[in-house]
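# Chains, contacts and geometry: an overview
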Amino acid sequence: MSHTGQRPAPLAVGIDLGGTWLRLVALRDGHVVRGAHRAIPLSKLSKFLPTRSGGGRIASLVVASRGVWTPAERRAARRRLRGAAARVEVISDAEAALLGALDAQPGVLVLAGTGSIALGRDGAGRLARAGGLGPLIGDEGSAFWLGREWLRRTPRAAMTARALGRRPDAAARVAALAPRVLARARRGDRVARAIVTAGQAELAALALSVIRQLRLRPPVSVSWAGGLLAHAWYRAGVRRALARRVRCRWRPPLIDPALAAARLAARLAARGGR
């Protein structure tokens with residue numbers, strides 16, 4: 001107990017585990033501790049957390065991870081995190097981003113970082129998604145996609161492409177080329193501009209697919225997440241491409257995915273203590 005005789009509030013931790021970065025938010029007694037680290041495998045989180053979560057036993061942990069969607073994938077991830085906290089939940093990184101962006105209101109989230117996905121919710125709480133299939137067969141319009149297309153369409157990049165393909169972190173390395181592609185496109189490079197325009201159209205197509213699946217009525221609320229869509233110029237192109245198909249109202253995300261995961265962890269901790 002604290003010096004006031006009251007039991008300290010439980011420590012709740014949320015983690016946004018993407019393809020390139022791990023972002024952490026710890027909540028206790030209204031205090032927020034944030035941290036960022038290069039992405040690590042989910043299996044290594046249990047050893048990573050004690051030094052990064054602000055100290056103390058974690059009452060509730062919510063990990064928003066890429067590559068986790070089905071109930072079986074969630075159960076397997078929870079098993080790998082056994083012992084990391086008194087209570088552990090694992091959700092998709094896109095779910096956390098949607099929750100943070102629109103706060104459970106109907107609409108669509110377009111997420112583009114290393115990978116890409118569109119996720120939406122209707123007024124009844126039903127979810128629908130498009131994309132999110134990974135770098136081998138998907139991730140349209142993502143940082144990885146832009147980097148890969150640049151390597152494919154630039155003959156002088158062949159040696160670089162072969163070297164990157166042999167690295168264990170190949171997807172992250174290829175995604176790291178995206179800022180260079182964007183910069184070239186803004187300077188008028190024809191190849192880069194064609195790649196960027198195609199990527200923006202791909203992301204708009206993902207959002208439109210979700211809108212149609214959920215039969216959302218215009219104007220549709222649309223928000224965004226991911227490092228690539230933090231680039232206002234790239235995002236504006238996605239917005240224009242989608243506007244050609246459906247009327248939308250773009251909204252800045254309310255909070256980031258890591259904080260959304262931490263707030264969900266805090267609610268789980270509060271329910272667990274009753």
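Shown above is the structure to which this text applies.
What you see is a predicted model, and the numbers here were worked out from it, not measured in a lab.

A volume near 160 Å³ is recorded for the second largest pocket. Lining the second largest pocket, in full, are Trp-150, Leu-151, Thr-154, Arg-156, Ala-157, Thr-160, Leu-177, Arg-180, Arg-184 and Asp-189. Looking at the lining of the second largest pocket, the elements with two or more residues in it are helix H4 (143–153) and helix H7 (178–186). Looking at the lining of the second largest pocket, its residues break down into four nonpolar, two polar and four charged.

In terms of strand pairing, strand S2 (residues 21–28) meets strand S3 (residues 31–38) through eight bridges, oriented antiparallel. Pairing of Leu-27 across the sheet is with Val-32, part of S3. Adjacent in sequence and paired antiparallel, S2 and S3 are bridged by two residues, among which Asp-29 carries a positive phi angle near 50°.

Take the side chain of Gln-200 next. Position of Gln-200 relative to the elements: it lies in helix H8 (residues 190–214). Not counting residues up to four positions away in its chain, the partners in contact with Gln-200 are Trp-233, Tyr-234, Gly-237, Val-238 and Ala-241.

Attention shifts here to unusual backbone geometry. Residue Pro-218 is joined to Pro-219 through a cis peptide bond whose omega torsion reads 0°. Relative to the elements of secondary structure, Pro-219 occurs in the loop between H8 and strand S9 (220–225). Look at Asp-103: it is not a glycine, yet its phi comes out positive at around 55°. When you line up the elements, Asp-103 lands in the loop between helix H3 (93–102) and strand S6 (107–112). Note on Asp-103: relative accessible area 48%, which makes it partly exposed.

Take the sheet that holds strand S4 (residues 58–65) next. Taken in spatial order, the five strands make up an open sheet running S3-S2-S1-S4-S5, and their pairing is mixed. Each edge of the sheet is formed by a strand with only one pairing partner; in this case those strands are S3 and strand S5 (87–92). Here the average twist between neighbouring strands, direction ignored, is 15°. Where strand S1 (residues 11–17) and S2 come together, six bridges link them in antiparallel fashion. Within the sheet, the bridge partner assigned to Asp-16 lies in S2 and is Arg-23. In the packing of H3 onto the sheet, contacts are made with S1, S4 and S5, and the angle to S5 comes to roughly 90°.

Parameters and conventions
- Residues numbered from 1 in each chain as written.
- Predicted model: local features only at pLDDT ≥ 70, side-chain atom pairs only at ≥ 80, totals over all residues.
- Heavy atoms only, no water.
- 1 Å grid on protein atoms, 1.4 Å probe; cavity = no way out; pocket = protein on both sides within 12 Å on 5 of 7 lines; lining within 4 Å.
- Points joined across faces, edges and corners; volume = space filled by probe spheres on them.
- Helix = DSSP H or I, 4+ residues; strand = E, 2+ residues; numbered from the N terminus.
- Nonpolar A, V, L, I, M, F, W, Y, C, P; charged D, E, K, R; others polar.
- Pairing = 2+ DSSP bridges.
- Contact = heavy atoms within 4.5 Å.
- Buried < 20%, exposed > 50% of the residue type's maximum accessible area, 1.4 Å probe, protein only.
- Axes fitted to C-alpha atoms, helices over the stretch in contact; angles between N-to-C directions.

Honestly, it's all geometry; don't read function into it.
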